[in-house]
Amino acid sequence: MATPSIAGVIFSLVLALSYGALQAEARVFFVFGDSLVDSGNNNYLATTARADSPPYGIDYPTHRPTGRFSNGLNIPDLISQRIGSKPVLPYLSPELRGQRLLQGANFASAGIGILNDTGVQFINIIRMYRQLEYFQEYQRRARALIGVDQTERLVKGALVLITVGGNDFVNNYYLLPYSARSRQLSLPKYVRYLILEYRKILMKLYKLGASRVLVTGTGPMGCAPAELAMRGTNGGCSAELQRAASLYNPQLVGMLKGLNKKIGKTVFVAANTQQSHLDFISDPQAFGPYNGLGLCTVSSDLCPNRNLYAFWDAFHPSEKANRLIVEKMFSGTTKYMYPMNLSTIMTLDAMA
Ligand SMILES: *[C@@H]1O[C@H](CO)[C@@H](O)[C@H](O)[C@H]1NC(C)=O
Ligand SMILES: *[C@@H]1O[C@H](CO)[C@@H](O)[C@H](O)[C@H]1NC(C)=O
């Protein structure tokens, strides 16, 4: 009969210990929002808002399209790397079960907005209220695996990212010259309405147990290649869309401050992606490669080095830009992250 060698026993012990330590360090991560953070939910839906064919994913580790709207990694992937977790799976993925389920989930769906009427042209997408229903369903599934108390702890200890709002401008208010929303409300009134509706969504998220929520502002929408082509102002970014962002982003930060005050804790943290992406865009080489005409398809004109560009397709940042955005989330000053950056949050929460 073979007896296990001492070395073997110690080895497995070390393995078990380090696995345990890794597990304890990796933070559960939930993602909500639109295409900027969708990691493939739309692959499972009958919608035109999808990124499951080449050249999407050309710089992803597998060099294959995954449903991420990026040439490579997206913002959630890069946050996962930094917090020591595996990339979280799309909620609709059949692989999301057992241990993987307990590491978090990504509910995001390309095309959606704060409002239900945003992205109607994409037909079958997971609107915000539905993402929150799925979050409840997620919790029921987790309870079946680990019980009520552990599930509550898991959700409370998680980091949450929500990125939504850009489509309420580009795929709603500014989609057509005389869109229903723009005939109904002036831009300042529309922005106030969005903020009010977003507040309800965030409050619901908090009531569902989220306790650290990173909320991103809208990026520099007016500089996206599609908008440059359609409504660029004197060859520069669209002044109208930049005005929308400059109205929206400060009110978003104000609303988050108000929510934290009401709750009595820093649950919501504002990430000003507008500023960090703009920093990158101010680099003269940063535009392209699609110049905003047409879709990102196999026949698109691929530039050889995607690392030189802020945008990958007509609307979405390149992996390189995503890296810069995530870097700022972790170590930016209060100009980028309010009231604190993710490094500070991770340190604080590790002590709690
Ligand atoms: C969006 O639709 C859902 C489901 O029909 C509804 O509960 C919710 O109130 C709607 N939101 C808005 C802002 O109309
Ligand atoms: C943000 O993160 C860095 C660490 O990466 C830290 O030095 C800095 O003080 C933090 N906070 C602010 C407000 O800059």
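- Going by the annotation in an unreviewed UniProt entry, the name recorded for the protein chain is GDSL esterase/lipase, with Salix viminalis given as the source organism.
- Among the UniProt annotations of the protein chain, the heading Sequence similarities (unreviewed entry) holds the following wording: "Belongs to the 'GDSL' lipolytic enzyme family."

**As for the site of ligand 2**
Inference 1: Taken together, S331, T333, T334, N341, S343 and T344 make up the full set of residues adjacent to ligand 2.
Inference 2: For the shell around ligand 2, the per-class residue count stands at no nonpolar, six polar and no charged.

**Regarding the pairing of strand β4 (residues 213-216)**
Inference 1: What you see with β4 is no split at all: V213 and V215 on one side and L214 and T216 on the other are buried throughout.
Inference 2: Sheet topology note: the strand β3 (residues 159-163)/β4 ladder contains three bridges and is parallel. In the strand pairing of β4, L161 is matched with L214.

**Observations regarding helix α6 (residues 166-173)**
Inference 1: The element α6 is largely enclosed, with a buried count of eight among its eight residues.
Inference 2: All of the buried residues along α6 are G166, N167, D168, F169, V170, N171, N172 and Y173.

**Comments concerning the site of ligand 1**
Inference 1: Around ligand 1, the surrounding shell consists of L115, N116, Y129 and E197.
Inference 2: Residues that form the shell around ligand 1 fall into these classes: two nonpolar, one polar and one charged.

**Some remarks on the environment of Q131**
Inference 1: Counting through the fold element by element, Q131 comes out in helix α4 (residues 128-146).
Inference 2: Sequence separation between Q131 and A108 is 23 residues, and the spatial gap between their C-alpha atoms is 7.2 Å.
Inference 3: Those residues in contact with Q131 that lie beyond four places of it in its chain are F32, F107, S109 and I126.

**Quick look at the packing of helix α2 (residues 75-82) against helix α12 (residues 319-331)**
Inference 1: Two elements in contact, α2 and α12, have axes whose closest approach is 9 Å; the angle formed by their N-to-C orientations is 45 degrees. With respect to α12, the element α2 is oriented oblique. With respect to the hand of their crossing, α2 and α12 are arranged in right-handed fashion. Contacts between α2 and α12 involve I75, L78, I79 and R82 from the former and N322, R323, I325, V326 and F330 from the latter.
Inference 2: For the contact of α2 with α12, the class distribution of residues is six nonpolar, one polar and two charged.

**What to know about the environment of L161**
Inference 1: On the secondary structure map, L161 appears in strand β3.
Inference 2: Residue L161 is classed as buried on the basis of its 26 C-beta neighbours within 10 Å.
Inference 3: Residues L161 and I75, 86 residues apart in the sequence, show an inter-C-alpha distance of 9.6 Å.
Inference 4: In contact with L161, other than residues within four places in its own chain, are V31, V37, P76, I79 and L214.

**A word on the environment of V326**
Inference 1: Tracing the backbone shows V326 in helix α12.
Inference 2: The buried category is assigned to V326, around which 24 C-beta atoms lie within 10 Å.
Inference 3: Spatially, the C-alpha atom of V326 lies 9.0 Å from that of R82, the residues being 244 residues apart in sequence.

**Observations concerning helix α5 (residues 148-156)**
Inference 1: What α5 keeps buried is the set T151, L154 and V155. When α5 is viewed along its axis, its buried side chains cluster within an angular range of 95 degrees and face the same direction. Seen from the open side of α5, the exposed residues pointing more than 90 degrees away from its buried face are D149 and K156.
Inference 2: Where α5 is buried, its residues meet α4.

**Topic: the sheet that holds β4**
Inference 1: Across the sheet, which stays open at both edges, the six strands sit in the order β2-β1-β3-β4-β5-β6 with mixed pairing between neighbours. Edge positions in the sheet fall to β2 (104-106) and β6 (337-338), since each of these pairs with one other strand and no more.
Inference 2: Sheet topology note: the strand β1 (residues 29-33)/β2 ladder contains three bridges and is parallel. Within β2, the residue paired with F29 across the bridge is G104.

Calculation notes
Residues numbered from 1 in each chain as written. Chains lettered and ligands numbered in written order. Predicted model: local features only at pLDDT ≥ 70, side-chain atom pairs only at ≥ 80, totals over all residues. UniProt positions renumbered as here; feature names shortened; annotations may be inferred. Near = placed C-beta within 6 Å. Nonpolar A, V, L, I, M, F, W, Y, C, P; charged D, E, K, R; others polar. Buried ≥ 20, exposed ≤ 12 C-beta atoms within 10 Å, placed from the backbone. Helix = DSSP H or I, 4+ residues; strand = E, 2+ residues; numbered from the N terminus. Pairing = 2+ DSSP bridges. Contact = placed C-beta atoms within 7 Å. Axes fitted to C-alpha atoms, helices over the stretch in contact; angles between N-to-C directions. Parallel < 35°, antiparallel > 145°, perpendicular 65-115°, else oblique. Left-handed = near helix turned anticlockwise from the far one by under 90°. Arc of directions from axis to C-beta.

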